[in-house]
Amino acid sequence: MIKKIMSFVFAVSIIFTLPTTVYASPLKNTDKHLTVEEFAEQYDVTEDEVIHLEENLTRAKESLKDSNMEIGEEKVIPISENLVLRLQTEFAPNARKTIHERTITATMSLENVLGMTVIELRSIGVFRTDGSTSTPVDAYGSYDSWTWNITNTSSSLGSPAYNARVRNTFSGELNIGIDDLHLTIQSFNNTCTIYCNAVGTASASWK
């Protein structure tokens, strides 16, 4: 009987861990739970890496303080033996491109060493420039996650300035366990600030 219950729970967890992309606005809590063993097996990491994920990520993110990434720049930060944090900043592919409008995408993704993405956060900012002033016109966030529960995203636009900014914030948690016996093993509140000046030079920073 116990084996049947465990099999049912595991099957349900797989159904609810399909990839999702959601854009800025409050997001529904979907209560996706995996056991430590299931999570470790799904992403080819050790159970110890899962248990210590929050502290390892916190330590890696400390190195990002006051770190501004220019367009085309990529950083790969080791999290643990089998996990890395990858950051990229680029002019958004396939976005409408004009001399006076710039769309910038900054991406933060947690990956295993085989390249499988655990979670990816995308921060997008749109600016209109005229050579003397940069005006933020839009900002939004999106994400892809199989097991993370993103609880909210929020966005804000800075004032027009020579070097203007937009800001996108992502909040969420990773629950590990079964039924009511689950543990919030990782919670986060990540903020990305994207800058673009009046001549179209752009950069981004995460914290």
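In this convention, every chain numbers its residues from 1, walking through the sequence in written order. For a predicted model such as this one, the threshold for reporting local features is a pLDDT of at least 70, and the threshold for listing and counting side-chain atom pairs is 80 or more; totals across whole chains, interfaces and linings nevertheless cover every residue. Only hydrogens and water are removed before side-chain values are computed, so all heavy atoms of the structure are retained for them.

Draft legend 1. How the structure looks around the overall build of the protein. Helix and strand assignments follow DSSP, with helices taken as H or I runs no shorter than four residues and strands as E runs no shorter than two, numbered in order from the N terminus. Helix and strand content of the protein: four helices and 11 strands. Residue burial is assigned from relative accessible area. The probe radius is 1.4 Å, only protein chains are included, and a residue is buried under 20% of its type maximum, exposed over 50%, and partly exposed in between. Within the protein, the fraction of its 207 residues that count as buried is 46%. Every residue pair with non-hydrogen atoms within 4.5 Å of one another is taken to be in contact. Considering only residue pairs separated by 6 or more positions, the protein has 55% of its internal contacts joining residues 24 or more positions apart. Roughly 10,900 Å² of accessible area belongs to the protein as shown, and the carbon and sulfur atoms make up 54% of that amount. Accessibility throughout is a Shrake-Rupley quantity obtained with a 1.4 Å probe, and a residue counts as covered only by protein chains that appear here.

Draft legend 2. Representation of the sheet that holds strand β5 (residues 101-112). Taken in spatial order, the five strands line up as β3-β4-β5-β6-β7 in an open sheet, and their pairing is antiparallel. A strand with exactly one partner marks an edge of an open sheet, and here the two such strands are β3 (74-80) and β7 (134-145). On average, each strand axis in the sheet is tilted by 15 degrees relative to the strand beside it, whichever way the strands run. At least two DSSP bridges between two strands are required for those strands to pair. Looking at chain direction, strand β4 (residues 83-91) and β5 are connected through nine bridges and run antiparallel. The residue bridging Phe-91 from the neighbouring strand is Ile-104, located in β5. Lines fitted to the C-alpha atoms define the axes, with helices restricted to the stretch that makes contact. Angles between their N-to-C directions range from 0 to 180 degrees.

Draft legend 3. Region of the structure containing the environment of Ala-40. Along the polypeptide, Ala-40 turns up in helix α2 (residues 36-42). C-alpha separation for the pair Ala-40 and Val-50, spaced 10 residues apart in sequence, amounts to 6.5 Å. Setting aside anything within four residues of it in sequence, one finds Ala-40 in contact with Val-45, Thr-46, Glu-47 and Val-50.

Draft legend 4. Structural detail: the nonpolar core. Only buried residues count toward a nonpolar core. Its members are Ala, Val, Leu, Ile, Met, Phe, Trp, Tyr and Cys residues joined through side-chain atoms within 4.5 Å. Membership of the largest hydrophobic core comes to 41 residues, with the highest contact counts inside it found for Leu-85, Leu-110 and Trp-206. The dominant element in this core, judged by the number of residues it contributes, is strand β9 (residues 163-178), at five residues. Excluding anything up to four places from it in sequence, Leu-85 contacts Leu-57, Lys-61, Leu-64, Lys-75, Val-76, Ile-77, Ile-79, Met-108, Ser-109 and Leu-110.

Draft legend 5. Just unusual backbone geometry, in detail. Even without being a glycine, Asp-44 presents a positive backbone phi close to 55 degrees. Along the chain, Asp-44 turns up in the loop between α2 and α3 (47-51). In this structure Asp-44 comes out as partly exposed when scored by relative accessible area, which is 45%.

Draft legend 6. Representation of the pattern of salt bridges within the structure. We define a salt bridge as a contact between a side-chain nitrogen of Lys or Arg and a carboxyl oxygen of Asp or Glu at a distance within 4 Å. This model, assessed by the stated rule, comprises five salt bridges. For Glu-111, the salt bridge goes to Arg-86, with nearest N and O atoms at 3.1 Å. Note that Glu-111 is positioned in strand β5 and Arg-86 in strand β4, a separation of 25 residues in sequence. Overall, the relative accessible area of 9% leaves Glu-111 in the buried class.

Draft legend 7. Local environment of the packing of aromatic side chains. Classification of ring pairs rests on two measures: the distance between centres of Phe, Tyr or Trp rings, Trp counted by its six-membered ring, which must be within 6.5 Å, and the angle between planes, read as stacked under 30 degrees, edge-to-face over 60 and tilted in between. This structure, assessed with the given rule, holds two aromatic pairs. On the numbers, 4.9 Å between centres and 50 degrees between planes, the contact of Phe-39 with Tyr-43 is tilted. When sorted by exposure, Phe-39 lands in the same class as Tyr-43, which is buried.

Draft legend 8. Just helix α4 (residues 53-62), in detail. Among the residues of α4, Leu-53, Asn-56, Leu-57 and Ala-60 are the ones counted as buried. Relative to the axis of α4, the buried residues are bounded by an arc of 95 degrees and lie together on one face. This arc describes the spread of directions from the helix axis toward the C-beta atoms.

Draft legend 9. Inspection of the environment of Arg-165 at higher detail. Secondary-structure assignment places Arg-165 in strand β9. The exposure class of Arg-165 is partly exposed, given its relative accessible area of 25%. In this structure the C-alpha to C-alpha distance between Arg-165 and Gly-125, which are 40 residues apart in sequence, comes to 8.2 Å. Residues in contact with Arg-165, not counting those within four places in the same chain, are Phe-127, Pro-136, Ser-156, Leu-157, Gly-158, Thr-193, Ile-194 and Tyr-195.

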